[in-house]
Amino acid sequence: MESYLNENFGEVKAKNSSEEALRRWRKLCWFVKNPKRRFRYTANLNKRSEVQAIRRNNQVSLSSPFFAASAVVAYSLLVFLLLMVEKLRVALLVSQAALQFIHGISYSPPEEVKNAGFEICADELGSIVEGHNVKKLKGHGGVEGLAQKLSTSTMDGISTAEHLVNRRKEIYGINRFIETPTKGYLVFVWEALQDMTLMILAVCAVVSLFVGIIMEGWPKGAHDGLGIVASILLVVFVTATSDYRQSLQFKDLDKEKKKINVQVTRDGGRRKISIYELLPGDIVHLAIGDQVPADGLFISGYSAVIDESSLTGESEPIHVNSEHPFLLSGTKVQDGSLKMLVTTVGMRTQWGKLMATLSEEGDDETPLQVKLNGVATVIGKIGLFFAVVTFAVMVQGLLSCKLLEGSQWRWSGDDALELLEYFAIAVTIVVVAVPEGLPLAVTLSLAFAMKKMMNDKALVRHLAACETMGSATTICSDKTGTLTTNHMTVVKAHICGKTVEASSFKESPSACELSDSARKVLLESIFNNTGGEVVKSKDDKIEILGTPTETAILEFGLQLGGDFLKERQASKIVKLEPFNSSKKRMGVLLELPNGGLRAHCKGASEIILAACDKVIDSNGAVVPLDKASIDHLSATIEEFACEALRTLCLAYKEIENGFSSDSPIPIGGYTCIGIVGIKDPVRPGVKESVAICRSAGITVRMVTGDNINTAKAIARECGILTEGGIVIEGPEFREKSEEELTELIPKIQVMARSSPMDKHTLVKHLRTTLQEVVAVTGDGTNDAPALHEADIGLAMGIAGTEVAKESADVIILDDNFSTIVTVAKWGRSVYTNIQKFVQFQLTVNIVALIVNFSSACLTGNAPLTAVQLLWVNMIMDTLGALALATEPPSDELMNRQPVGRKGSIISNVMWRNILGQAIYQFVVIWYLQTRGKQVFGLTGPDSDLTLNTIIFNSFVFCQLFNEISSREMEKINVFKGILNNYVFVAVLTSTLIFQIIIIEFLGAFANTTPLTLTQWFVNVLFGFLGMPIAAALKLIPI
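Everything numeric in this text was worked out from a predicted model, so none of it was measured. (Residues numbered from 1 in each chain as written. Predicted model: local features only at pLDDT ≥ 70, side-chain atom pairs only at ≥ 80, totals over all residues. Heavy atoms only, no water.)

## Re the overall build of the protein chain
Our working rule: Numbering of helices and strands runs from the N terminus, with a helix taken as a DSSP run of H or I at least four residues long and a strand as a DSSP run of E at least two residues long. Residue exposure (1.4 Å probe, protein chains only): buried if accessible area is under 20% of the type maximum, exposed if over 50%, otherwise partly exposed. Contacts are residue-level and defined by heavy atoms, with any inter-residue pair within 4.5 Å sufficient. The Shrake-Rupley method, run with a 1.4 Å probe, gives the accessible areas here. Residue values count only the displayed protein chains as cover.
Looking only at helices and strands, the protein chain features 40 helices and 26 strands. Looking at the 1038 residues of the protein chain, the share that counts as buried comes to 56%. A separation of at least 24 residues holds for 74% of the contacts in the protein chain among residues at least 6 apart in sequence. For the protein chain, the accessible area works out to roughly 42,900 Å², and carbon and sulfur atoms hold 58% of it.

## As for the sheet that holds strand β22 (residues 726–729)
Operational definition: In this description, strands pair whenever DSSP reports at least two bridges between them. Only the stretch in contact is used when fitting a helix axis, every axis being a line fitted to C-alpha atoms; angles between N-to-C directions are given from 0 to 180 degrees.
If you trace the eight strands from one edge of the open sheet to the other, you get β8-β26-β25-β24-β9-β21-β23-β22, paired in mixed fashion. Both edges of this open sheet fall to β8 (458–460) and β22, since each of them pairs with a single strand only. For this sheet, the mean angle separating the axes of adjacent strands, direction not counted, is 20 degrees. Summarising the sheet, strand β9 (residues 474–477) and strand β24 (residues 774–778) pair through three bridges and their orientation is parallel. The residue bridging I475 from the neighbouring strand is A775, located in β24.

## Structural notes on unusual backbone geometry
Although it is not a glycine, K584 sits at a positive phi angle of roughly 60 degrees. Tracing the backbone through its elements, the reader meets K584 in the loop between β14 (572–580) and β15 (585–591). Even without being a glycine, N1007 presents a positive backbone phi close to 55 degrees. Given a relative accessible area of 24%, N1007 falls into the partly exposed group.

## What to know about the pairing of strand β7 (residues 332–344)
The element β7 is largely enclosed, with a buried count of ten among its 13 residues. Of the pairings in the sheet, the one linking strand β3 (residues 283–286) to β7 comprises four bridges and is antiparallel in character. Following the sheet pairing, L286 is matched in β7 by L338. Taken together, the ten bridges between strand β4 (residues 295–307) and β7 define a ladder with antiparallel strand orientation. Bridge pairing in β7 places Y302 opposite S337.

## Considerations on the UniProt feature "transmembrane region" (unreviewed entry) in the protein chain
We apply this condition: UniProt positions are given in the numbering used here, feature names are shortened, and annotations may be inferred rather than shown by experiment.
In the numbering used here, UniProt assigns the feature "transmembrane region" (unreviewed entry) to residues 66–85, 196–215, 221–241, 378–399, 419–449, 982–1004 and 1016–1036. Helix makes up 100% of residues 378–399 and strand 0%, and the two end C-alpha atoms of the span are 32 Å apart.

As structure tokens, then:
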């Protein structure tokens, strides 16, 4: 079975599966009872093709700024083509732009826009940005002119007065996209009715009603037909209820995935708001890794590079500046930082239209879903064969009787009803035999786990990540913010040859006697060479914005007595190169008040120190950096690092006149200002979580850009670095050959001073060469390749950029390593729960098939009627999935070794339990069929009905007790924690109650008769005996 599944359904991976592989397995699953239900949570490949077509069209329409007069005719043809691909609005707007360019038509806003206090309408704004119309932009007075027409300020932003905000919304709309409406409950009822076998049974029920009423009158003749109808309705409504609850869970999770906050200026103050609250006129601040939240225009910024591939499919980045100011919603800031004016929002943007289609394309199916679809298909074919043979045997039995009686040419209504019953039984065998619930149980279990994981601070973006995380063998974790708290403070500084405690500055900024010149250049460096800001909040309190590292250094600058605004106003920033994890440095070029230029840089201590040839001495004088000074500074760096401090070096360089701002900031010839040591404490509980991973067979590796000594100190504190483990630096790692890496990587526990490509190389080797299942954490834009390469990409929810989050499979909302361990535990729980359900359902499949087939062949009748089989199908399908696929995880799961890449969904242990239990149940049913009348002393005309009721009741109780036994596949104690799973107890209780009702009160519809207490006791006993049998089976070694 496993080799067949791997060969035919194994091409679908946890992520990045080819479209060909996704189409191939669908073709193999040709025998499906209800395609609407089976393929509900799979990717819509046709919608994906539409998305690609839209991106190609976007690429074409955005490739030229505007069309000149000579291209008007050709352009009108393009408009016609765009109309065919739902681009009417954009085409008309750009066409209007071309005509205005040719004829110089002036713009006059509609009256409603004027009355609202604005001077430009939404369509005009859209034509400027989407058409990249520089001439029209200049005609409106540039960015500043548009800001005025939008009644906003590029410095203070829009007013938040409620009536003004509402007026703005009425004219320009809101930043929301059309989403697929939530399906109502009745839609799920209708989809559940699409089951082919249920439809056939419904036809049988109608015919049975018609013939029965003619033959026996009302109401007696209607019992069989109404029984089937009632059973169908029960199956449909229970199925629909389960599916509807799942859809609501997925809807809630989708809302969480789309939560993105941005920094805006409103009423002159900075604040964070949801992208859905953005309005035209808003001033948005974007940094590297952020998503552009709406269409807009560049106001100011440094080295801004935009990745438009998500919108156009074009991988070539776009440089955005005052000459090329156009920004499109949904694109990403690849490098630099900028401030933008929002012009167009929501469905007026190209991203809005793309998102409307994207919302319908669905998530990739998971490998487990695909494999279990394969299992369902194989067993379905077997079930179909048995159903046909069973029907043929029963019909042959009826014909034989009629031949013996000589009445083969005389057919009565009773004969027709009997044939109909045979056909209904054959169809119901298919209902029971096709384990439609297998792939759907995966979805149910994943939906349950995803909802619970959300409560545990983990947002799952892709379904497959849940099950894959359960197989993880390696976790490559960042240090900062994941293993540590990410609450950073400067605790030590080495300035002018002296090491001082930063706490001394809190009491008095002059505690460390710095020369005026040294203090001046230090504060200039801190407040200008930063990606953060010091702002005043609504209540006039000072607030520091930026990354934890930037916040720590800015806070240190304030402790030194510095004034952020004063320093910023004293000099003009000519060029800024933001921090990049590849360069491990950031730099800024300043134009000084006296007209000179000065460059500042900061970054990894060893790298910046290597770029210095001078240093500020204890007197504040600039002196050459000799060997003794280098050794002293290097020793200071090592001392700080051994105390688990992050070290940063600050330096500056006087730039000669004539330097072009288009040239990169110099990388050498700097003067060292000083070294700061930043404390970032280890998170509570990390050491225990690492120990749990080790006991679970999961290797934890630290991959960090920090100094090697800092990395060692933190790794030891976390319990990651153990005896015999290797610590390596990125530059050394890069020099190794393929053979050396294969031998070295299994022993690496810490990689320091690593670049994003080092992390990518490590992950690739672990996955491909060593066949490990790898989980990787990341927070920066440059981590995207490693997150994409890994089996499970884990992005940080607090420190992570939008680019990192989009590349990830799971977002760790609290940036805590302990949450990653919780995700692994839930992943294992999902995998184990699915195996439990598969074991339970396959047992019912096998027994139901063999019992009905063998009975039909040997006695000419099936002991289980269509109504009874439908009830059994619901017990093993929807109710069984609810009971077993929603078991919460236990701590014991983390004491097992991981399944790894080559794990089998149906293990040998499961086959042992399935076959052993199936044999026991078959023996019980067959014994009752052959000896039941003698054992219970059944005589008279109702003896057959009573015996069949006993067989049906015993069969159901066998399934109930087997459901309990299936809670553990290898452990004998199956009752541990059973009362903690309310769903399991509720399903078991409701099944038991309804079974009593069916036997005692619904006999006319279900072909049953009330049983005595003795008969009930024996039925329950037969079911209960399956538990010691299951326990004995678990003692057989596999």
